[in-house]
Amino acid sequence: MSSTISTLLAREILDSRGNPTVEVECQLAGGAWARAAVPSGASTGSREAIELRDADSQRYRGKGVLRAVAGVNDSIAPAVIGMNAADQAAIDQRMIELDGTENKSRLGANAILGVSLVVARAAAVAKNEPLYRSLGGDSTMRLPVPHMNILNGGVHAHWQGADFQEFMIAPYGAASFRQALEWGSEVYHCLLDLLEEKGMSVGVGDEGGFAPHVTSNEEPFELIVEAISRAGLQPGKDMGIACDPASSEFFENGCYHLRREERHLEPEEMVAYYEKLTTAYPLVLLEDGMGQDDWPGWKQLNAALGERIELVGDDVFCTNPKLIARGIEEQIANAVLIKLNQIGTVTETISAVRLAQDHGWGTFVSHRSGETVDSFIADLTVAMNAGHLKSGAPARGERVEKYNQLLRIEEQLGDAAHYAGCEAYVRRPTFDQ
Ligand SMILES: C=C(OP(=O)(O)O)C(=O)O
Ligand SMILES: [Mg+2]
């Protein structure tokens, strides 16, 4: 089947926060057709590729994406129509050259990524292969540990809950992805019951987790450990906890400002706080423990906890191979968060994954807080053998679509499917209490 691109069409649609985003359709000469949509972050890293928005317009409070859409239809489409969709690297390179900026600010990373995603998907359709196989080859058999964000705080809860942004459950002790998801759903509902019993709010944040008005950043750990136990599971053995404080959002004047606790912590005090949490709770993965501009703080954190748990850099690396290379050189973490729209093309994302993996670092694939029902990251996680991903709560359509796609992939792989479990982490979970 010919995989020559014959049509590309972009439009503006809404994401899960009710903000506009870019959706692109692609038709290949041989008949293959695909659609893809671009996510959007709220706690974005300062070195992310630029998301082009119509800031000078009244529409959608300046958040429209009509310029990005026009960039696809008027500039990118004429440049890539006639190219071979199977040659992802050439198409991504063509768009990078057409944009001509270091951070994709002319055409917008949202425009460029929309095309990059849809081309990858159309190429898979043309080959009659599932996307994970088309992206990753024949050895893609590993199902990731789903990290389900059941308690939201920070900017995702409009600072009405915990200061720390994400409290996730990680069912690494399950026997299969299907069982992991079932356990996650069970714990999510046990947490709902627990919050109701305590008279706490059961309203949810951007990623579908509850956003109660807690009095400290430690309280969510206690609530989650209790919810895991109530579900009949053993905290630390069956299921651990992962946390993304997204600390760049509360790093001010060289200190970490914990509003809920009315405290300002120096970087070394913040590290001591994480050490305490790691000892007291089954915390197996900490993302963005330190701010994106606090490289000395990151080094301290890695020295204190880097041998015990997985330390993932999100804002500090922005899925950018150059920043990841520097992080590896300076040994500031042991894992990297992977977000396609931080860098803007599938090819560069794959380079970021390979670079991290070649240096023995973990790769943790992530959704964004503003999502659509596009499940590209589910296939990407399997294709890249990343072992773990986060896609929010096991509730809300745009979050569960990724988990549901992984259920389908597991079913398709049958006996060949292998659930990553504890192997997902660069530091295998150990917890004795
Ligand atoms: C998913 C995250 O949030 P956002 O998409 O808002 O950056 C994150 O910080 O890891
Ligand atoms: Mg993060």
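Per an unreviewed UniProt entry, the protein is named Enolase, and its organism is Bremerella volcania. The UniProt entry for the protein carries this comment under Function (unreviewed entry): "Catalyzes the reversible conversion of 2-phosphoglycerate (2-PG) into phosphoenolpyruvate (PEP). It is essential for the degradation of carbohydrates via glycolysis." The heading Sequence similarities (unreviewed entry) in the UniProt record of the protein holds the text "Belongs to the enolase family."

Draft legend 1. Expanded view of the environment of S3. Looking at where S3 falls in the secondary structure, it is placed in the segment before β1 (5-14). Separated by 116 residues in sequence, S3 and V119 have C-alpha atoms that sit 9.6 Å apart. Contacts of S3, omitting those with residues within four sequence positions, involve L28, M83, N84, A85, A86 and A126.

Draft legend 2. Highlighting the sheet that holds strand β3 (residues 33-37). Judged by pairing direction, the sheet is antiparallel, and its three strands sit side by side in the order β1-β2-β3 without closing on themselves. Only two strands of the sheet have a single neighbouring strand rather than two, namely β1 and β3. Mean inter-strand twist for the sheet, computed between neighbouring axes without regard to direction, equals 15°. With nine bridges connecting them, β1 and strand β2 (residues 20-28) associate as antiparallel partners.

Draft legend 3. Quick peek at the domain arrangement of the protein. The domains assigned to the protein are domain 1 (4-128) and domain 2 (142-424). Each of domain 1 and domain 2 was reduced to a C-alpha centroid, and the two centroids are 27 Å apart. Contacts between the two partners involve 34 residues from domain 1, matched on the other side by 32 residues from domain 2. Summed over both partners, the interface of domain 1 with domain 2 buries about 2,600 Å², with 49% contributed by carbon and sulfur atoms. Across the contact surface, domain 1 and domain 2 share six salt bridges. Across the pair K322 and E102 runs a salt bridge whose closest N-O atoms are separated by 3.0 Å. At the junction of domain 1 with domain 2, the criterion picks out 21 residue pairs in polar contact (both at pLDDT 80 or more). The set of elements that each furnish at least two residues to the side of domain 1 that touches domain 2 consists of β3, α2 (88-99) and α3 (109-127). Here the side of domain 1 that touches domain 2 gets seven residues from one element, more than from any other, and that element is α3. In the side of domain 1 that touches domain 2, the residues fall into 14 nonpolar, 10 polar and 10 charged.

Draft legend 4. Fine view of the coordination of the magnesium ion (ligand 2). Listed as protein donors to the magnesium ion (ligand 2) are D244 (OD), E287 (OE) and D314 (OD); their distances from the metal cover 2.0 to 2.2 Å. All donors of the magnesium ion (ligand 2) belong to a single chain; written as a sequence motif, their spacing is D-x42-E-x26-D. Within this pair, whereas D244 is found in strand β7 (residues 240-244), its partner D314 is found in the loop between β12 (310-313) and α9 (321-330), the two being separated by 70 residues in sequence. Grouping residues by exposure puts D244 and D314 together as buried.

Draft legend 5. Representation of the environment of A36 in the model. On the secondary structure map, A36 appears in strand β3. Those residues within four positions of A36 in sequence are excluded, and the remaining contacts are V22, E23, V24, G114, L117, V118, R121 and D374.

Draft legend 6. Representation of the UniProt feature "active site" (unreviewed entry) in the protein in the model. The positions that UniProt labels "active site" (unreviewed entry) are, in the present scheme, E207 and K339. As for the largest cavity, its lining draws on K339 from among the annotated residues. Structurally, E207 is set in the loop between α5 (177-197) and α6 (219-230). Apart from the residues within four sequence positions on either side, E207 is in contact with N149, N152, H156, E166, H367, R368, S369, G392, A393 and R399. Contact partners of K339, with chain neighbours within four places excluded, come to D314, T319, S366, H367 and R368. In terms of polar contacts, K339 uses its side chain to reach the side chain of D314, at 2.7 Å.

Draft legend 7. View of the UniProt feature "domain: Enolase C-terminal TIM barrel" (unreviewed entry) in the protein. In the numbering used here, UniProt assigns the feature "domain: Enolase C-terminal TIM barrel" (unreviewed entry) to residues 140-427. Spanning residues 140-427, this segment combines 38% helix with 18% strand, and its end C-alpha atoms are found 22 Å apart.

Draft legend 8. Seen up close, the pattern of salt bridges. What the rule picks out here adds up to 29 salt bridges. With a shortest N-O distance of 3.6 Å, E330 and K299 are connected by a salt bridge. Taken together, the residues span a long stretch of sequence, with E330 in helix α9 and K299 in helix α8 (residues 295-305) at a distance of 31 residues. A residue is classified by how much of its surface remains accessible, and K299, at 39% relative accessible area, is partly exposed. One network of salt bridges, in which partners are shared, links R11, E23, E25 and R35.

Draft legend 9. Up close: the layout of surface pockets. Reported here for the largest pocket is a volume of approximately 320 Å³. Surrounding the largest pocket, 16 residues form its lining, R121, L131, S375, D379 and Q405 being those nearest its centre. Only α3, α4 (131-136) and α13 (397-413) provide two or more residues apiece to the lining of the largest pocket. The greatest single-element share of the lining of the largest pocket, amounting to five residues, is contributed by α13. Tallied by class, residues from the lining of the largest pocket come to seven nonpolar, three polar and six charged. When residues of the lining of the largest pocket are assigned to domains, at least three fall in each of domain 1 (4-128) and domain 2 (142-424). Looking at the second largest pocket, its volume works out to about 270 Å³. Lining of the second largest pocket is provided by 14 residues; of these, E102, N320, K322, I343 and E348 occupy positions nearest its centre. Mapped onto the lining of the second largest pocket, the elements with two or more residues apiece are α9 and α10 (340-343). Residue composition of the lining of the second largest pocket, grouped by class: four nonpolar, four polar and six charged.

The rules behind the values
- Residues numbered from 1 in each chain as written.
- Chains lettered and ligands numbered in written order.
- Predicted model: local features only at pLDDT ≥ 70, side-chain atom pairs only at ≥ 80, totals over all residues.
- Heavy atoms only, no water.
- UniProt positions renumbered as here; feature names shortened; annotations may be inferred.
- Helix = DSSP H or I, 4+ residues; strand = E, 2+ residues; numbered from the N terminus.
- Contact = heavy atoms within 4.5 Å.
- Pairing = 2+ DSSP bridges.
- Axes fitted to C-alpha atoms, helices over the stretch in contact; angles between N-to-C directions.
- Domains from an automatic or database assignment.
- Buried area = accessible area lost by both parts, 1.4 Å probe.
- Salt bridge = Lys/Arg side-chain N within 4 Å of Asp/Glu carboxyl O.
- Polar contact = N/O pair within 3.5 Å; in protein donor to acceptor, adjacent residues only side chain to side chain.
- Nonpolar A, V, L, I, M, F, W, Y, C, P; charged D, E, K, R; others polar.
- Donors = N, O, S within 2.8 Å, 3.2 Å for Na, K, Ca; no water.
- Buried < 20%, exposed > 50% of the residue type's maximum accessible area, 1.4 Å probe, protein only.
- 1 Å grid on protein atoms, 1.4 Å probe; cavity = no way out; pocket = protein on both sides within 12 Å on 5 of 7 lines; lining within 4 Å.
- Points joined across faces, edges and corners; volume = space filled by probe spheres on them.

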